[in-house]
Amino acid sequence: MTALPLTIGPETYTITRFGTLLYAAASGDWNPIHWSDRQARNLGLPGVITHGLYTMGIALRAVTDWLGGDASRVVSYKLRFARPVLLPDDDDGVDLRVIGKVVAQGETTWTVRLEVACAGQPVLSRVSVEVKAPDQD
Amino acid sequence: MLDPSLHIGKTLRSVEPYLVSRDKILEFTRALGDDNPLYQGPDPTAPPTFAAVLTVRAWQQLIDDPELGLALKRIIHADQEFTWHRLFRVGDVISTVTVLEDLRIRGGMDYMTVVVHVLDQDEAEVVQSRSLLIHKHAEEAAA
């Protein structure tokens, strides 16, 4: 196979309230802070936020696409939810910007560091993805 | 109420198995908006973070335990780590073992480290999920 580049992106993905509802149904996480502004405010948030796991799932696409779609090469994925992703009640939603770079090339696994931001602010931090090293194939 | 001396190490095993279906994988993939061919078609593989479906089910078991006094609407997800052995496939029959690995109580909040071992029909681990969940006590959140 051709050598993998050592940088990823920038890639941009859009998160909307509608997508967040689809994710609530698909994941089974019906926490009301993801669909009720009132309930979100009760918890001290300005309004509805998306699921951290949804942001996490969307951001990983930058890595699986970089791997040519072979998601089975993802070994581990670890992060901190640094800031909530606030969702305006409109059709446009918000853009998630993902960039990454390979920070370690071990014999069996490579480590990718991702930066995931919304409106210039990091929303995920300490994002580390381990993938099977290419020469293992 | 959570109590570190009573509840650290608390372990819950799923009661009903979870069956991985094609339609559920397609629903999850549609929510992600990912057109990866691996996740499509008659016999799709699940995206790696499909592990969230089993993680959320396992949390629900903790929330439903009256002894712990947890409420989903007061929970914020702080950290997450998944470690995969393989991806989910259609037809997998999944069970989970959920462990409250650590618990600290500070400033009206419970900091819970929850580990979910997601097992297949052969009791082999498919993925391990480790989460830090922050649970606000009832008096800290408006009703």
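Residues numbered from 1 in each chain as written. Chains lettered and ligands numbered in written order. Predicted model: local features only at pLDDT ≥ 70, side-chain atom pairs only at ≥ 80, totals over all residues. Heavy atoms only, no water.

Caption draft 1: Fine view of the interface of chain A and chain B. Each side of the interface is counted separately: chain A has 34 residues, and chain B has 37 residues. Close ionic contact of Arg61(A) with Asp35(B) constitutes a salt bridge, the shortest N to O distance being 3.2 Å. Looking at the side of chain A that touches chain B, the elements with two or more residues in it are α1 (17–27), α2 (37–42), α3 (52–66) and β2 (74–81) of chain A. Of the residues that constitute the side of chain A that touches chain B, the class distribution is 20 nonpolar, 10 polar and four charged. When β2(A) meets strand β3 (residues 75–84) of chain B, the two strands line up antiparallel, connected through five bridges. Bridge pairing links Tyr77(A) to Phe82(B) in β3(B). (Contact = heavy atoms within 4.5 Å. Salt bridge = Lys/Arg side-chain N within 4 Å of Asp/Glu carboxyl O. Helix = DSSP H or I, 4+ residues; strand = E, 2+ residues; numbered from the N terminus. Nonpolar A, V, L, I, M, F, W, Y, C, P; charged D, E, K, R; others polar. Pairing = 2+ DSSP bridges.)

Caption draft 2: The nonpolar core, seen in detail. Grouped together as the largest cluster of nonpolar side chains are 76 residues, with contacts concentrated most on Val63(A), Trp66(A), Tyr77(A), Val129(A), Phe50(B) and Phe88(B). Among residues more than four places away in sequence, those in contact with Phe88(B) are Val20(B), Thr45(B), Ala46(B), Phe50(B), Ala51(B), Leu54(B), Ile94(B), Val118(B), Val126(B) and Val127(B). Within the second largest apolar cluster, five residues are counted, among which are Ile33(A), Ala40(A), Leu43(A) and Ile49(A). (Core = buried A, V, L, I, M, F, W, Y, C linked by side-chain atoms within 4.5 Å. Buried < 20%, exposed > 50% of the residue type's maximum accessible area, 1.4 Å probe, protein only.)

Caption draft 3: Examining the pairing of strand β4 (residues 93–106) of chain B more closely. Residues and elements named next belong to chain B. Bridge count between strand β1 (residues 11–13) and β4: three bridges; the pairing is antiparallel. If you follow Leu-12 over to β4, its bridge partner there is Thr-98. Both strand β2 (residues 18–19) and β4 contribute to a ladder of two bridges, which runs antiparallel. Pairing of Leu-19 across the sheet is with Val-93, part of β4.

Caption draft 4: Representation of α3(A) in the model. All names here are of chain A. Between its first and last C-alpha, α3 extends 22 Å over 15 residues, near the 21 Å set by a 1.5 Å rise per residue. Buried residues dominate α3, accounting for 13 of its 15 residues. Where α3 ends, the next residue or the one after it, Gly-68, has phi of about 70°, a positive value. (Expected span 1.5 Å × (residues − 1).)

Caption draft 5: A look at a negative patch on the surface. Residues Asp89(A), Asp90(A), Asp91(A) and Asp92(A) make up a contiguous surface patch of negative charge. In this structure, Asp91(A) sits in the loop between β2 and β3 (94–105). (Patch = residues over 30% accessible without salt bridge, like charges linked within 9 Å, V, L, I, M, F, W, Y side chains within 5 Å. Areas by Shrake-Rupley, 256 points an atom, 1.4 Å probe, with all protein chains shown as cover. Lys, Arg positive; Asp, Glu negative; His and termini not counted. Charge placed at Lys NZ, Arg CZ, Asp CG, Glu CD.)

Caption draft 6: Layout of the side chain of Asn36(B). Tracing the chain through its elements places Asn36(B) in the loop between α2 (22–32) and α3 (51–63). Given the relative accessible area of 5%, Asn36(B) is considered buried. In this structure the side chain of Asn36(B) is engaged in a polar contact, spanning 3.0 Å, whose partner is the backbone oxygen of Gly69(A). (Polar contact = N/O pair within 3.5 Å; in protein donor to acceptor, adjacent residues only side chain to side chain.)

Caption draft 7: Seen up close, the packing of aromatic side chains. Taken as a whole and assessed by the stated rule, the structure comprises five aromatic pairs over all chains. Where Phe28(B) meets Phe50(B), the ring centres are 5.4 Å apart and the plane angle is 75°; that geometry is what we call edge-to-face. Residue Phe28(B) is found in helix α2, and its partner Phe50(B) is found in the loop between α2 and α3; the two are separated by 22 residues along the sequence. Residues Phe28(B) and Phe50(B) agree in their burial class; the two are buried. An aromatic cluster is present here, built from Tyr23(A), Tyr54(A), Phe28(B), Phe50(B) and Phe88(B) joined pairwise through their rings. The ring of Tyr111(B) carries Arg106(B) above its face, with NZ or CZ at 4.6 Å from the centroid. (Phe/Tyr/Trp six-rings, centres within 6.5 Å; stacked < 30°, edge-to-face > 60°. Lys NZ or Arg CZ within 6 Å of the ring centre and 35° of its normal.)

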